[in-house]
Amino acid sequence: TLVHLGTLYEIWDPYDLFAGIAAWLERRPTVRRDVVVRFVGQPGQRSLARLEALGLGDVVEVTGYLDHADAIARCREADALLLALGAGAGVPAGWLPSKLFEYVAFDRPILANVPDGEARRLIEGAGAGFCVGNAEPAAYVPILDDLLGRKRDAADGRLAWTNRSEAVARLTQRHLGAQFATLLDAVRRPRA
């Protein structure tokens, strides 16, 4: 189960990740019946048409908008979380979508199509998953094979994954709030 939470930003053509999933399923047709690409939210008509054109119509499930608690539950149940920002020249390198912070907290691997920039640094720094730029769809095949292998090897059928705890701790409200307080104190001090 691969879950994408929230909006797909169609303006940046975020479909390389889905082309990669389609390439993987084409090479591994026996797993197709066991794969779900779940959108928690409502992809636009352009996105749905693109997913259909990629041959993913039979594995895509759209929940529509859910309340926050239900959306979070769907992410916790996922085998992997999808972050499809796109990696073209127009995608802001400093962009950190709010869903990324929630993704990192779930201890589920993130499969991301992101540019070189802050989102990639956060994911890689936390050991939270795999980042691919705009590349051949084949780049996703070994990653998805690895995730499937981890799931199959698990005694309970749950893909084992743990992010780096020290990196995740730096993203908590408590830690970030303390950093912000220190910054405000430094600004507030009178200069000699």
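Residues numbered from 1 in each chain as written. Predicted model: local features only at pLDDT ≥ 70, side-chain atom pairs only at ≥ 80, totals over all residues. Heavy atoms only, no water.

1. Let's talk about the pairing of strand E3 (residues 60–64)
- Examined bridge by bridge, strand E2 (residues 37–40) and E3 share 4 bridges and lie parallel to one another. The residue bridging valine 37 from the neighbouring strand is valine 60, located in E3. (Pairing = 2+ DSSP bridges. Helix = DSSP H or I, 4+ residues; strand = E, 2+ residues; numbered from the N terminus.)

2. Notes on the nonpolar core
- Counting residues in each nonpolar core, the largest one holds 30 residues, and the members touching the most others are Phe18, Ile21 and Val37.
- With 7 residues, the top contributor of residues to this core is helix H1 (residues 16–27).
- Filtering out sequence-adjacent residues up to four positions away, valine 37 remains in contact with Leu2, Phe18, Ile21, Val59, Val60, Glu61 and Leu82.
- With 25 residues, the next largest nonpolar core counts Val40, Leu83, Ile110 and Ala112 among its residues. (Core = buried A, V, L, I, M, F, W, Y, C linked by side-chain atoms within 4.5 Å. Buried < 20%, exposed > 50% of the residue type's maximum accessible area, 1.4 Å probe, protein only. Contact = heavy atoms within 4.5 Å.)

3. A closer look at the pattern of salt bridges
- Taken as a whole, this structure holds 10 salt bridges when the rule is applied.
- Between glutamate 124 and arginine 120 there is a salt bridge whose closest N-O contact spans 3.5 Å. Placement of both glutamate 124 and arginine 120 in helix H5 (residues 118–125) is noted, with a separation of 4 residues, approximately one turn of the helix.
- Judged by its relative accessible area of 41%, glutamate 124 falls in the partly exposed class.
- On the basis of relative accessibility, which here comes to 15%, the residue arginine 120 falls in the buried class. (Salt bridge = Lys/Arg side-chain N within 4 Å of Asp/Glu carboxyl O.)

4. So, the sheet that holds E2
- On the basis of which strands lie adjacent, the open sheet formed by 6 strands has the order E3-E2-E1-E4-E5-E6 and parallel pairing. Only two strands of the sheet have a single neighbouring strand rather than two, namely E3 and strand E6 (129–132). Going across the sheet, the axis of each strand differs from the next one's by a mean of 20°, ignoring polarity.
- Bridge analysis of strand E5 (residues 110–113) against E6 gives 4 bridges, and the strand direction is parallel. Bridge pairing in E6 links leucine 111 to phenylalanine 130.
- Running over the sheet, helix H4 (residues 98–105) touches strand E1 (2–5), strand E4 (80–84) and E5 and is turned about 145° from E1.
- Against the sheet, H5 touches E4, E5 and E6, its axis set at about 150° to E6. (Axes fitted to C-alpha atoms, helices over the stretch in contact; angles between N-to-C directions.)

5. Focus: the packing of aromatic side chains
- In total, this model carries 5 aromatic pairs according to the counting rule given.
- A centroid spacing of 5.6 Å and a plane angle of 55° characterise the contact between phenylalanine 130 and tryptophan 161, whose relative ring orientation is tilted. In this pair, phenylalanine 130 sits in strand E6 while tryptophan 161 sits in the loop between helix H6 (141–153) and helix H7 (165–169), placing the two residues 31 residues apart along the sequence.
- Members of the aromatic cluster, connected to one another through ring pairs, are Tyr9, Trp12 and Trp95. (Phe/Tyr/Trp six-rings, centres within 6.5 Å; stacked < 30°, edge-to-face > 60°.)

6. Examining unusual backbone geometry
- A positive phi angle is found at aspartate 13, which is not glycine, with a value near 50°.
- Within the secondary structure, aspartate 13 is located in the loop between E1 and H1.
- Positive phi is not limited to glycine here, since aspartate 107 has a value of about 55°.
- Mapped onto the secondary structure, aspartate 107 falls in the loop between H4 and E5.
- By relative accessible area, which is 27% here, aspartate 107 ends up partly exposed.

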